[in-house]
Amino acid sequence: MTIVAVPLALQANDKVTLVDLFSKVAEQPWALLLDSCEHPHSHYDFIFWQPEAVVTDAAAWPSKLSELMTQLPHYQGPSELPFQGGLAGAWSYDAGRALERLPEHALADIQLPQLAVGLYVRALIHDRVKDCIWLLAPAGEIEHWQQFWQTSDSAAKNPEAFALAGAWQSNMSRADYLTKFAQVQDYLRAGDCYQINLAQRFTAPYHGDEWDAYQRLRDANQGPYSAFMRLPEGALLSQSPERFLRVDAKGHVETKPIKGTRPRAATPERDQALANALQSASKDRAENVMIVDLLRNDLSRVCQPGSVQVPKLFAIESYPAVHHLVSTVVGELQPPMQALDLLAACFPGGSITGAPKVRAMEIIDELEPHRRSFYCGSMGYISQHGASDTNICIRTLVAEHGALHCWAGGGLVIDSAGAEEYQETLDKVAKILPVLRSTSVSEMGT
């Protein structure tokens with residue numbers, strides 16, 4: 001079998017988007033959309049479906065996935081395409097347990113696997129710069145899939161519209177959060193960590209189609225590293241603004257940690273003032289540089305000596321709900337290291353753990369009532385020719401067995417103020433929780 005890539009032949013008058021096309025496979029288990037939400041600086045979007053094999057057991061996942069990659073057929077097509085057959089899917093935060101020895105205090109109540117990664121030889125790749133869509137598939141299937149994607153969806157089954165069946169409930173009240181905040185401060189003063197990420201989880205019952213919910217969230221958030229994945233037991237809905245790791249075919253590495261947040265304001269003047277205040281805030285800059293240093297160390301484990309650099313420090317990126325303080329760290333992979341080695345060296349991302357990473361993860365497991373599941377994990381792809389791109393699963397919801405879970409957290413340092421940090425968690429879901437219900441986010445956590 002040979003994997004080939006050809007232009008997708010749509011009707012000349014078709015103005016379909018990749019979101020429109022994904023609706024044709026959105027109900028299929030293991031269908032995956034990697035979605036830039038038309039972000040102006042994004043180059044590609046992806047649809048993956050019908051993987052050749054899947055891995056759901058997170059034990060020793062770097063070696064398992066590396067072995068799976070050896071089963072890929074030869075690729076024949078444009079060399080510039082970022083995906084030429086390979087891995088795609090989701091790594092839960094708890095997949096980090098395969099890499100580090102961690103305690104088991106937090107309740108694992110979400111019945112999803114710790115890993116949801118497939119070996120894909122079928123994909124649509126939207127080149128947004130050239131405004132064309134490539135069809136990737138085994139050579140003998142190209143005609144079939146051309147016809148499939150051209151066919152109207154008018155006769156397709158219409159799934160039930162999404163709706164919440166009850167109110168959002170947090171797994172910690174405001175008082176609980178402030179108590180845990182005080183415990184974090186004790187650890188910081190004792191010298192256990194420089195920074196610790198603390199998150200609360202919101203949960204609500206629901207019925208209907210999770211893909212419908214994703215589209216509503218997409219319209220409100222426009223996260224440039226968004227994703228939707230249909231699992232046999234549920235779905236993952238990510239509106240992430242944060243890139244985790246990008247690698248090109250030549251081994252150039254980029255990571256863009258977020259640390260520092262302010263809400264958006266109604267007037268342009270006030271909105272700009274909040275952005276300016278974030279960029280100059282000493283506490284937020286200190287949080288950000290701690291994570292930059294952590295990622296520099298992580299990258300240095302697999303990158304060429306001297307290649308790890310920080311070309312951008314403390315840049316402002318603005319989204320519908322919040323302003324973020326974002327830095328950029330780059331490096332060059334040291335042969336024979338590849339994208340999977342990089343992912344394992346850096347997983348989970350330091351921006352959502354704290355520093356030092358392992359001690360911060362131990363404290364997170366002690367203080368947060370429930371395990372994080374896919375929140376703060378990663379979604380993305382790894383192509384057989386070396387290219388890879390993954391997000392950090394913040395602003396991410398996990399749907400399973402009629403329950404929808406959404407988290408919000410933030411990095412705490414010695415100068416943090418509990419009430420402000422608690423409010424920041426609400427700011428981060430201000431364009432998520434209210435979108436799926438009529439009650440305001442300000443009512444949460446009381």
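Scoring rules and cut-offs
- Residues numbered from 1 in each chain as written.
- Predicted model: local features only at pLDDT ≥ 70, side-chain atom pairs only at ≥ 80, totals over all residues.
- Heavy atoms only, no water.
- Helix = DSSP H or I, 4+ residues; strand = E, 2+ residues; numbered from the N terminus.
- Buried < 20%, exposed > 50% of the residue type's maximum accessible area, 1.4 Å probe, protein only.
- Contact = heavy atoms within 4.5 Å.
- Areas by Shrake-Rupley, 256 points an atom, 1.4 Å probe, with all protein chains shown as cover.
- Lys, Arg positive; Asp, Glu negative; His and termini not counted.
- Charge placed at Lys NZ, Arg CZ, Asp CG, Glu CD.
- Pairing = 2+ DSSP bridges.
- pLDDT = per-residue confidence, 0-100.
- Polar contact = N/O pair within 3.5 Å; in protein donor to acceptor, adjacent residues only side chain to side chain.

### Side note on the overall build of the protein
When helices and strands are counted, the protein shows 10 helices and 24 strands. With the C-alpha coordinates of the protein rotated into their principal frame, the extents come out at 65 × 55 × 45 Å. Expressed as a percentage of its 446 residues, the buried residues of the protein come to 58%. Taking the intrachain contacts of the protein between residues at least 6 apart in sequence as the baseline, contacts between residues at least 24 apart amount to 76%. Element-wise, carbon and sulfur atoms account for 49% of the exposed surface of the protein, whose accessible area totals about 17600 Å². Taken together, the 37 basic and 52 acidic charged side chains of the protein have centroids lying 4 Å from each other.

### Here's the deal with the pairing of strand β9 (residues 132-138)
Within β9, six of the seven residues are buried, which leaves the element mostly enclosed by the surrounding structure. Sheet topology note: the strand β1 (residues 2-7)/β9 ladder contains five bridges and is antiparallel. Each residue of the ladder has a partner; that of Ala-5, found in β9, is Leu-136. In this structure, strand β8 (residues 123-127) lies alongside β9, joined through five bridges in antiparallel fashion.

### Focus on the confidence of the model for the protein
In this model, the protein carries an average pLDDT of 94, and 96% of its residues clear a pLDDT of 70 or more. Low pLDDT (under 50) marks residues 438-446, which in the prediction has 20 contacts with non-local residues, meaning those over four places away or in another chain.

### Some thoughts on the side chain of Thr-261
Tracing the backbone shows Thr-261 in strand β17 (residues 258-263). Among the polar contacts listed, one links the side chain of Thr-261 to the side chain of His-324, at a separation of 3.1 Å. With residues near it in sequence (within four places) discarded, Thr-261 still touches Leu-278, Asp-284, Val-322, His-323, His-324, Glu-424 and Lys-428.

### A word on unusual backbone geometry
A cis amide bond links Pro-335 to the next residue, Pro-336, at an omega of 10°. By the element assignment, Pro-336 lies in the loop between β19 (322-332) and α8 (339-346). Phi at Glu-38 is positive, roughly 60°, even though this residue is not glycine. Position of Glu-38 among the secondary structure elements: in the loop between β2 (32-35) and β3 (44-48). Given a relative accessible area of 42%, Glu-38 falls into the partly exposed group. Of note in this structure, Ser-373 is not a glycine but carries a positive phi near 55°.

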